[in-house]
Amino acid sequence: MRRVLALSLLGVALALAGCGGEETTDFEGADVANGKQLFVQGPGGGKPSCGGCHTLADAATISQVGPSLDDAFQRMREEGFEESTIFAVTLEQIDLAVAPMPADIVTGQDAVDVAAYVARFAGKPPPEQQGGATTGATTTSP
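Here's a quick rundown of the structure. Here the structure is a predicted model, which means the values were calculated and not measured.

Further remarks concern the pattern of salt bridges. Taken as a whole, this structure holds 3 salt bridges when the rule is applied. When the shortest N-O distance is used, the salt bridge between D58 and K36 registers 3.4 Å. Taken together, the positions of D58 in the loop between helix 2 (32-41) and helix 3 (69-78) and K36 in helix 2 put the pair 22 residues apart, joining distant regions of the chain. When sorted by exposure, D58 lands in the same class as K36, which is buried.

Next comes the structure, spelled out in structure tokens:
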């Protein structure tokens, strides 16, 4: 199942990259620190966190429920996909949530912030292995 989802994500990314359509650029002003907090702790109101189901090294989350976002996006990074494409794929997956992922787990700017956080860190070794800090207050460029 993980492989199917990873291939689906890759297919969406390829379609976004190759169809000549406008790329979503809302992530340029996203609050990556808020995205990480939402990913790890959840939005509240009884909704689960993304990290409860998805493995992401930077967030120190490990799960067997949903796909590992590190595994899903590492290959895309290796193939040279831009962070903006990973952002667009992630935001679309949030918007198209299919069970067991809850619909509307994050919405609006919170969804943009989470997608930007995932785009910035998924598929990369954690910062302590890179020799840097995790997230600043906001992103300024991809």
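Picking up where we left off.
On to helix 3. Looking only at helix 3, the buried set comprises L69, D70, A72, F73, M76 and R77. Projected onto a plane normal to the axis of helix 3, the buried residues spread over an arc of 160 degrees and lie on a single side. Of the exposed residues in helix 3, the ones pointing more than 90 degrees away from its buried face are D71, R75 and E78. A distance of 3.4 Å separates the backbone nitrogen of D70 from a side-chain oxygen at the start of helix 3, and that oxygen is part of S68. Looking one or two residues past helix 3, G80 carries a phi angle of roughly 90 degrees, positive in sign.

Counted according to the given criterion, the structure contains 2 aromatic pairs. For the ring pair Y117 and F121, a centre distance of 5.4 Å and an interplane angle of 45 degrees mean the geometry is tilted. With a gap of 4 residues between them, Y117 and F121 both fall in helix 5 (residues 108-121), about one helical turn apart. Ring pairing ties together the aromatic residues F39, Y117 and F121, which thus form one cluster.

What follows concerns unusual backbone geometry. The omega torsion of the bond from A99 to P100 falls at 15 degrees, within 30 degrees of zero and hence cis. Considering the arrangement of structural elements, one finds P100 in the loop between helix 4 (83-95) and helix 5. Positive phi outside glycine occurs at A60, with the angle close to 60 degrees. Among the structural elements, A60 can be located in the loop between helix 2 and helix 3. Taking relative accessible area as the criterion, A60 reaches 68% and is therefore assigned exposed. Despite not being glycine, D104 shows a phi value in the positive range, around 55 degrees. Relative to the helices and strands, D104 is located in the loop between helix 4 and helix 5. Taking the relative accessible area as the measure of exposure, D104 reaches 48% and is therefore partly exposed.

This brings us to the packing of helix 2 against helix 5. Relative to each other, helix 2 and helix 5 sit at 95 degrees, their axes nearing to 7 Å. By the criterion of interaxial angle, the relationship of helix 2 to helix 5 is roughly perpendicular. Contacts between helix 2 and helix 5 involve V32, N34, G35, K36, L38 and F39 from the first element and D110, D113, V114, A116, Y117, V118 and F121 from the second. Here the residues of the contact of helix 2 with helix 5 are counted per class, giving 8 nonpolar, 2 polar and 3 charged.

Here is what the cut-offs are and how they apply
- Residues numbered from 1 in each chain as written.
- Predicted model: local features only at pLDDT ≥ 70, side-chain atom pairs only at ≥ 80, totals over all residues.
- Heavy atoms only, no water.
- Salt bridge = Lys/Arg side-chain N within 4 Å of Asp/Glu carboxyl O.
- Helix = DSSP H or I, 4+ residues; strand = E, 2+ residues; numbered from the N terminus.
- Buried < 20%, exposed > 50% of the residue type's maximum accessible area, 1.4 Å probe, protein only.
- Arc of directions from axis to C-beta.
- Polar contact = N/O pair within 3.5 Å; in protein donor to acceptor, adjacent residues only side chain to side chain.
- Phe/Tyr/Trp six-rings, centres within 6.5 Å; stacked < 30°, edge-to-face > 60°.
- Axes fitted to C-alpha atoms, helices over the stretch in contact; angles between N-to-C directions.
- Parallel < 35°, antiparallel > 145°, perpendicular 65-115°, else oblique.
- Contact = heavy atoms within 4.5 Å.
- Nonpolar A, V, L, I, M, F, W, Y, C, P; charged D, E, K, R; others polar.

Honestly, it's all geometry; don't read function into it.
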